[in-house]
Every structure is written in structure tokens, then in C-alpha cells.
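# Architecture and fold: a report
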Amino acid sequence: MDQLVARPMPTEEGILAFHQRCEAFYPADAVDAPIEQQRKWYDALCAEFDAPSPEGLTREDALVDGRIPIRRYRPATISTDTRIYYIHGGGFVVGSLDSHDAICAELADFARAELVSVDYRLAPEHVWPAAFEDCYAVLQVLLADGRPVVIAGDSAGGNLAAGVVLKARADRLPGVVGQALIYPGLGGDLVSGSYVEMSDAPGLTTADTKYYREILQAPAGNPFAAPLVEKDLSGLPPTYITGAFFDPLRDDARTYAARLASAGVDVTFREEPQMIHAWLRARHMSEGAREGFRRLAAGIAVLVGTG
């Protein structure tokens, strides 16, 4: 008789409560629903975990190239000319300027740096390379005035951030001085390591990851779409990578950090032992997420020169 395999689950009460609260808004089988329903659920989930804005922080919405929405965050105190460029997650299918608004505001405030977020085109209406091209176009505009940029992103946004950094290196585009990748999906093989061990993890499954890849239609062999296939990682900027133990994407973060270090890149890697995918949203209800977010914000502060 086959033995039942227990679903991998953390034991920290805060992150378990977070996961339960998430599923009340965004069911585990959400990817089986129509795209518009997925987006409604995700917007409701994001609103549920909204947080007060830091005192004195201002926001300004604008368009790049007349079509790509961005949002600029200026905290009450700015102590560096370096800007943070944040690319949101959401499987390339959901997410917006609003979905990660509180996260961006808190990062900007902690780092005492201006932050710009982007609302790139989503799949399936816009498949590869639409999102990537939007993100790169915004980076080019941000760098045009000579101010340095640290690029950050979570999940799908971590994929886009890593790809954009590789593209900037290929194009010899100066000014990218750091990257922060938060539980990024970087093109792992889906059939080994954490993709097997954490295939049924809470928050994100390997089947979900496969769904998001198929809907994006990105070329598997293109390093801008799957940064792990890039053979030469030398010359990339200082990097902060954070992963979650209970996450099928865990080994993407581990492997990329190790390969960057082997290539001589200055890398800080941190894996949250009790965290699940999307733990950034749990930062106000989970001790592990609170500490992970503090370390992430401190890591970004170092990259922009205020830490």
C-alpha cells in the first residue's frame, strides 16, 4: 500500500495564520479560474494586507513612454541619489501598482531612498517579451539622468529583475549598482530539488509554477527569461537574495546565489526557514516574516548606500 506523503508545512503560528487568511481570499486552486476572477481575488487579498503609509511619504503616478504606468515614492527623508526600482510579483498574470504599494512604501522609507515601481503588461493578454520590455524601458528612462539604480523584485518580479540586470550588462548600460531578488523564479527544471520536495507547499505549488510559465510563453533557453541558463554571471552588481524554505522556488534562489558567488559577485543570501512563498505580505503578523523583511530592507539600504 502506498504511504501518504505529508504536505510540507511550517510550524510558526504566524505564518500558518497568514496562509489560512490568504486562502480565504485567494483559493488554492485559483489558477483554475478565469483570469479576471484570479485578478479580483488577488486584488482583494492585497487589500486585506494593506498597511498604513509611513509618515511624510509621498506618491506620484506617471507614465513612461506615454503608456507604462509607474509610481514614485519619496519618503520624508532621502539620504541617497540612488533609486530603488521595484518590479512586483504575481505570476506575470496578476498584480499592479496597488498590489505592492505598502511593501514599496515601507522599503523606500526604511532605505531613505526614492523608489519607483512599474505596472508592466500582464499575460495572457501580453505574452513574452511584453513584461520584460516594459521593465527594461523603465530602467532605461530611470538611468537616463545619471542617477544609480538598485533593481528589486519578488517572485515573477524577481525573475524580471534578474533578467533586466542581465540585459543591462549585455547592453553595457551603466548605473545598475545592485539587485535584490525576493523568492525569485529563475527557470529551474521543475522536476528536481525543491520543485519535488516542495511541490505541494502552501502558497505556491510546482503545478502553479508550471501554469504561470506556460501562460507567459517565454523561451526556456533565453537567459533574460530564465536567468539560471546564463553561463557567465561575472560582472553583475552586488546582490541580495532571499528565499523561503517552504517554496518550490527555493532552490532557484539557492542556486543563483551560489553561482553569483562563484562568479565573484558580492552576494548576500538569506533563506527564511519558516517562510512560505509570498511571505512579504505576512510581515505584520509573522515574526519570521517581520525579521525577514527587516533583513531585506536593511540589505537594500546597503545596496543604495544608506545601510
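Anything mentioned here points back to the structure above.
Report follows, based on the coordinates. (Residues numbered from 1 in each chain as written. Predicted model: local features only at pLDDT ≥ 70, side-chain atom pairs only at ≥ 80, totals over all residues. Heavy atoms only, no water.)

## Some points on the packing of aromatic side chains
Put simply, the test is: Paired rings are identified among Phe, Tyr and Trp, the last through its six-membered ring, by centres lying within 6.5 Å, and are further divided according to the angle between planes into stacked (under 30 degrees), edge-to-face (over 60) and tilted (the rest). Burial classes follow relative accessibility: with a 1.4 Å probe on protein chains only, a residue under 20% of its type's maximum area counts as buried, one over 50% as exposed, and anything between as partly exposed. The criterion for a charge sitting over a ring is simple: Lys NZ or Arg CZ within 6 Å of the ring centre, and within 35 degrees of the ring normal.
A full pass over the atoms with the stated rule returns eight aromatic pairs. Judged by centre distance (5.3 Å) and plane angle (65 degrees), the ring pair of tyrosine 211 and tyrosine 212 falls under edge-to-face. Pair check on accessibility: tyrosine 211 and tyrosine 212 agree, each one buried. Here a set of aromatic residues connected by ring pairs shows up, and it is made of Trp128, Phe132, Tyr136 and Phe224. The ring of phenylalanine 245 has arginine 250 lying over it, and the distance from NZ or CZ to the ring centre is 4.8 Å.

## Considering the pairing of strand E2 (residues 68–74)
Rules: DSSP calls a pair of strands paired once it identifies at least 2 bridges connecting them. Secondary structure elements are taken from DSSP: a helix is a run of H or I of four residues or more, a strand is a run of E of two residues or more, and numbering for both begins at the N terminus.
Pairing of strand E1 (residues 58–64) with E2, which is carried by seven bridges, proceeds in the antiparallel orientation. From the neighbouring strand, threonine 58 faces E2, where its bridge partner is arginine 74. In terms of strand pairing, E2 meets strand E4 (residues 115–118) through four bridges, oriented antiparallel. Directly across from isoleucine 70, in E4, lies its bridge partner valine 118.

## Focus: the nonpolar core
Selection criterion: Grouping buried Ala, Val, Leu, Ile, Met, Phe, Trp, Tyr and Cys residues that are joined through side-chain atoms within 4.5 Å yields what is termed a nonpolar core. Throughout, a residue-residue contact means that at least one pair of heavy atoms, one from each residue, lies within 4.5 Å.
If you look at the biggest cluster of nonpolar residues, it comprises 101 residues, and the most contacted ones within it are Tyr85, Leu139, Ile151 and Tyr256. In terms of residues, this core owes the most to one element, helix H4 (residues 130–143), which gives nine residues. Aside from chain neighbours lying at most four places away, what touches tyrosine 85 is Val116, Val118, Asp134, Cys135, Val138, Leu139, Leu142, Val149, Val150, Ile151 and Ala152.

## As for the sheet that holds strand E6 (residues 176–182)
Quick note on the threshold: In this analysis an axis means a line fitted to C-alpha atoms, helices contributing only their contacting stretch, and an angle means the value between N-to-C directions, from 0 to 180 degrees.
One open sheet accounts for eight strands, arranged E1-E2-E4-E3-E5-E6-E7-E8; its pairing is mixed. Each having just a single partner strand, E1 and strand E8 (267–276) make up the two edges of the open sheet. Strand after strand, the sheet turns through a mean of 20 degrees between neighbouring axes, direction not considered. In this fold helix H8 (residues 250–262) packs onto E6, strand E7 (239–246) and E8, with an angle of close to 150 degrees to the strand it touches most, E7.

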